[in-house]
Amino acid sequence: MKIVALLTPFLTLASTPLAQATPPSDVPRAELRALVENVVQADGYRYQATDSAGRSMDAAKIIQDGTGGYLAVYHTMRADGRFHAAIATSTDLLNWTFTQDFGAGSSQPTISEVANGGYLVAWEQDPSNHIAVHYYTNRTNLLTASASRQFDAPRSLSPCAEGTPNIYSVTLNPDIDHSVIDIGGHYYANCKVDRQMRAKLTNFTSWSASTQSTFDNSLLHWGVQGNIGDRDYTSFKGFPFGLIEGQYENNRFESWRTFVYDYTTGNADRTDIHTHAGSVAFANPSITKVKTPAGADALLVSLFIPSEGAAGGEAGQLIYFRKY
């Protein structure tokens, strides 16, 4: 009888919803969100980031440089009234030396190093806004914008616009002409609001894209009714996560917010980002695991703070990193 008395509660508990295992990605997702949210406790930060030429580093994506420093791609509105993407180098993640302009009409750039020592840079190109992908065989060619391959993706999901790329992965079989490049982006659904897409560029010649309704639904769940646009991807504690922007109300820049997306569960968490002065709107997120100049593991986050949701002295590009 004593044995039965001990076992019965265990069996009852195991059959209840409370005893169901939580998804294994929940805890690392919460840790990641906490790192992203607290700019005040960052190990390094820079508001209103600009390069050595005085260009604003809007929508910056930063990666580790094989030489021991860092590379950033970003865009700036120039005197010709068009965005120009550019690349810069840094040794400390906060001060950036302008290197090269990628040309008029390029915006929202992203960058990834390839296993063979080359680099991929993708951006949104106007006119006829679409995703452009450029391949550079080595660092020298990257820093001089001397591409050996380039591909302008056909729009297939929207007649109006597709863009804001991120690069998920690059598989060489064995070279760039025999490769699969997995790319995320947005499409302008019904020419009204941005929604999520994912595409594959095969052998640098063939493009196929599909909508990502699960991604969209994770933000619609939180009441996002405007654009669901730029995103970036990383792994953390062995799980795949993303940062993504969502606009609660279309055409209201102060309603931009950043969310943490869990690729394992298809769920998104709202973030409550705390800056030094109290800005509330955050867009164009990117996230990268890096080694700090001192060699520590850190998460590097880049966010654009629209003036409509910015506190004093914080409007523009925010770059910060936190050790973990």
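Predicted model only: the values in this text are computed from it and were never measured.

(A) Spatial organisation of the packing of aromatic side chains. Enumeration over the complete set of coordinates arrives at 12 aromatic pairs. With a centroid separation of 5.1 Å and an interplanar angle of 35°, the aromatic rings of F102 and W123 are classed as tilted. Here F102 is found in strand β5 (residues 97-104), whereas its partner W123 is found in strand β7 (residues 119-125), with 21 residues between them in sequence. Aromatic rings pair up to connect Y168, F215, Y233, Y261 and Y263 into one cluster.

(B) View of the sheet that holds strand β18 (residues 283-291). Strands sit in the order β1-β20-β19-β18 across an open sheet of 4 strands; the sheet is antiparallel. The sheet is open, and its two edges are formed by β1 (44-46) and β18, each paired on a single side. Shown here is a sheet whose adjacent strand axes are inclined to one another by a mean of 10°, direction ignored. Packed on one face of the sheet, helix α2 (residues 26-37) meets β18, β19 (297-305) and β20 (316-323) and runs near 130° to β20.

(C) Main features of unusual backbone geometry. Each neighbour pair has its own omega, and for D126 with P127 the value is 0°, a cis peptide bond. Examined against the element boundaries, P127 turns out to sit in the loop between β7 and β8 (130-136). At the junction of N173 and P174, the peptide bond is cis and its omega measures out at 10° in the coordinates. By secondary structure assignment, the location of P174 is in the loop between β10 (162-172) and β11 (179-189). Located in the positive-phi region is A59, a residue other than glycine, with phi close to 60°. Checked against the element boundaries, A59 lands in strand β2 (residues 58-64). On the basis of relative accessibility, which here comes to 6%, the residue A59 falls in the buried class. Even without a glycine there, the phi angle at L93 is positive, about 75°.

(D) How the structure looks around the side chain of D216. For D216, the location among the structural elements is in helix α4 (residues 213-220). One buried charged residue, D216, remains without a salt bridge, the closest side chain of opposite sign being R195 at 4.8 Å. D216 has contacts with R195, Q196 and I228, leaving out every residue within four places of it along the chain.

(E) Expanded view of the side chain of N227. Take N227: it is sitting in the loop between α4 and β14 (228-236). With relative accessibility at 12%, the residue N227 sits in the buried group. A distance of 2.7 Å separates a polar atom in the side chain of N227 from the backbone nitrogen of D194.

Reading the values: rules and limits
Residues numbered from 1 in each chain as written. Predicted model: local features only at pLDDT ≥ 70, side-chain atom pairs only at ≥ 80, totals over all residues. Heavy atoms only, no water. Phe/Tyr/Trp six-rings, centres within 6.5 Å; stacked < 30°, edge-to-face > 60°. Helix = DSSP H or I, 4+ residues; strand = E, 2+ residues; numbered from the N terminus. Pairing = 2+ DSSP bridges. Axes fitted to C-alpha atoms, helices over the stretch in contact; angles between N-to-C directions. Contact = heavy atoms within 4.5 Å. Buried < 20%, exposed > 50% of the residue type's maximum accessible area, 1.4 Å probe, protein only. Lys, Arg positive; Asp, Glu negative; His and termini not counted. Salt bridge = Lys/Arg side-chain N within 4 Å of Asp/Glu carboxyl O. Polar contact = N/O pair within 3.5 Å; in protein donor to acceptor, adjacent residues only side chain to side chain.

These figures come from the coordinates and say nothing about function on their own.
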